[in-house]
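Report on the structure
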Amino acid sequence: MIANILKAIASPIASVARPVGLSMYQTTMQARFMSNKLKSHSGAKKRFFPVGNGQFKRWQVGKRHINVGFTPERSNRLKGSLVIQNKSDNRMLRKALPYAH
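Residues numbered from 1 in each chain as written. Predicted model: local features only at pLDDT ≥ 70, side-chain atom pairs only at ≥ 80, totals over all residues. Heavy atoms only, no water.

Inspection of the secondary structure assignment puts F48 in strand β1 (residues 48-50). Given a relative accessible area of 17%, F48 falls into the buried group. Residues F48 and L82, 34 residues apart in the sequence, show an inter-C-alpha distance of 9.9 Å. With sequence-adjacent residues up to four places away left out, F48 is seen in contact with F56, K57, R58, Q85, L93 and L97. (Helix = DSSP H or I, 4+ residues; strand = E, 2+ residues; numbered from the N terminus. Buried < 20%, exposed > 50% of the residue type's maximum accessible area, 1.4 Å probe, protein only. Contact = heavy atoms within 4.5 Å.)

Next up, the structure:
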């Protein structure tokens, strides 16, 4: 029994050089996923556009359909195509779109 253990230790497979404390799986996975890039939120990048001063623009909501009964004042208020997003949402948008600025 001791002879079999000594044979296994002396085999060439056991002598493969790898960093101490890491398995073969860990070293290959580190080599495969070494990038440190952050992912942008795909829904946010379709809906929000960065502006030069750190804010974001978005499309005007509520004017696409079911607007037959709108008063003229309301339809005039919704005329603008792009509006500036609220400042309270900028923190969330900076996290969702890390490379926007």
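Alright, that's what it looks like, and here's the rest.
The next point concerns the sheet that holds β1. Within a beta sheet, neighbouring strands are joined by backbone hydrogen bonds and run either parallel or antiparallel to one another. The three strands are arranged β1-β2-β3 in an open sheet whose pairing can be described as antiparallel. Single-partner strands in this sheet number two, and they are β1 and β3 (82-84). In this sheet, neighbouring strand axes are inclined to one another by 35° on average, regardless of whether the strands run parallel or antiparallel. Inspection of the sheet shows β1 paired to strand β2 (residues 56-59) by three bridges, in the antiparallel sense. Bridge assignment links P50 to a residue of β2, and that residue is F56. (Pairing = 2+ DSSP bridges. Axes fitted to C-alpha atoms, helices over the stretch in contact; angles between N-to-C directions.)

What follows covers the environment of A44. Tracing the chain through its elements places A44 in helix α3 (residues 42-47). Taking the C-alpha atoms as reference points, A44 and L93, 49 residues apart in sequence, are found 7.5 Å from one another. The contacts of A44, once residues within four sequence positions are left out, are A96 and L97.

What follows deals with the side chain of Q60. Position of Q60 among the secondary structure elements: in the loop between β2 and α4 (72-77). Using a relative accessible area of 16% as the deciding quantity, one classes Q60 as buried.

The subject of this paragraph is the nonpolar core. Side chains of nonpolar character tend, in soluble globular proteins, to be buried together. A44, F48, F56, L93, A96 and L97 form the largest nonpolar core, which has six residues in total. Here L93 is in contact with F48, F56 and Q85, once residues within four sequence places are set aside. (Core = buried A, V, L, I, M, F, W, Y, C linked by side-chain atoms within 4.5 Å.)

Moving on, we come to the packing of aromatic side chains. Enumeration over the complete set of coordinates arrives at one aromatic pair. Each ring, one from F49 and one from W59, has its centre 5.9 Å from the other, and the planes form 85°; the classification is edge-to-face. Note that F49 is positioned in strand β1 and W59 in strand β2, a separation of ten residues in sequence. Positioned above the aromatic ring of F70 is the side chain of R74, whose terminal nitrogen or guanidinium carbon lies 4.1 Å from the ring centre. (Phe/Tyr/Trp six-rings, centres within 6.5 Å; stacked < 30°, edge-to-face > 60°. Lys NZ or Arg CZ within 6 Å of the ring centre and 35° of its normal.)

Another aspect to go through is the confidence of the model for the protein. With 68% of its residues at a pLDDT of 70 or more, the protein has an overall mean of 82. For the protein, per-element mean pLDDT is lowest for helix α2 (residues 24-32), which scores 65, and highest for α3, which scores 95. (pLDDT = per-residue confidence, 0-100.)

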